[in-house]
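# Structure at a glance
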Amino acid sequence: MTDIMRAQDQLFDRRTSAREKYAALVVGRPGLRALVKHEVVTLGSQHVPGALGLLLRKALYPLLLGACGRNVIFGQNVVLRHPHKIRIGNDVVIDDNCLIDAKGTGNRGITIGNGVFIGRNTILSCKDGDIDIDDRANIGFNSEIFSASTVRVGSDTLIAAYCYIIGGDHDFSDPSQPVLAQPRRSTGVMVGNGAWLGAGAKVLDGVSIGDGAVVGAGAVVREAVPAGSIAVGVPARVVGQRDGMAASAVPRSVSDTP
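Keep in mind that this is a model prediction, so the values were computed, not measured. (Residues numbered from 1 in each chain as written. Predicted model: local features only at pLDDT ≥ 70, side-chain atom pairs only at ≥ 80, totals over all residues. Heavy atoms only, no water.)

This part is about the sheet that holds strand E18 (residues 189-191). Think of a sheet as strands paired side by side through backbone hydrogen bonds, with each pair either parallel or antiparallel. Strand order in the open sheet made by the seven strands is E1-E4-E7-E10-E13-E18-E21, with parallel pairing throughout. Every other strand in the sheet has two partners, leaving strand E1 (67-68) and strand E21 (208-209) as the edge strands with one partner each. As defined by bridge partners, strand E4 (residues 86-88) adjoins strand E7 (residues 110-112) across three bridges and the pair is classed as parallel. For Ile86, the partnering residue across the bridge sits in E7 and is Ile110. (Pairing = 2+ DSSP bridges. Helix = DSSP H or I, 4+ residues; strand = E, 2+ residues; numbered from the N terminus.)

Given below as structure tokens:
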């Protein structure tokens, strides 16, 4: 279990100045130079509409990022937090109103591979965790991927709209304390290559989904889904196997993976 500071605790900490709080939550680096650079880039391009905005963000956003490949498209109002811990490959689209948040004190951050599409209003959110989106993955609009340890989405994986991948949880073992006051825990989530999560699917912490597996729309996945399997329902259960794909076991928890 980990004790992750809440955003409101940081915002209302009287021991730090407003600039220090903003730098810790958004910029991710101390010092006036990092703050000014971040503000100039976002003020000059984040909200600009149309083709001009696309051109400005294509030129300016990479100045903030840890790495950025060729032909990366940033939609209007794309928000970057702790951008120096965000690495993006080639031929990537991040649509309008997305939040890419690599926040954390000791984490590696967010890595997005080549040919990835991230639909509008989607959130990739770290709290001292890491998120890896492998090559050619497609994430539908209004989805959220959260990580307090490790979340990986495999190559050629399709995540439909309104999906949630939740790489973290709350401890609620002490009934005398509010859940919010108890420690958080995170094992992580692994989604294999070529998998498909139907619209509105929810994958809970500690789950592994095997290569080529299919998860039905609206399913709540609490246990491992073997490679090539089809899982549906609340809670999700395996109801079949894709033709031509041999069943193979996947670990029942991410902590079992090598």
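Moving on to the pattern of salt bridges. Counted according to the given criterion, the structure contains nine salt bridges. With a shortest N-O distance of 3.0 Å, Asp132 and Arg108 are connected by a salt bridge. Linking Asp132 in strand E10 (residues 130-133) with Arg108 in the loop between strand E6 (99-101) and E7, this pair joins segments that are 24 residues apart in sequence. When its relative accessible area of 16% is taken as the criterion, Asp132 is described as buried. (Salt bridge = Lys/Arg side-chain N within 4 Å of Asp/Glu carboxyl O. Buried < 20%, exposed > 50% of the residue type's maximum accessible area, 1.4 Å probe, protein only.)

So, to be careful, I would describe these as geometric facts and stop short of saying anything about function.
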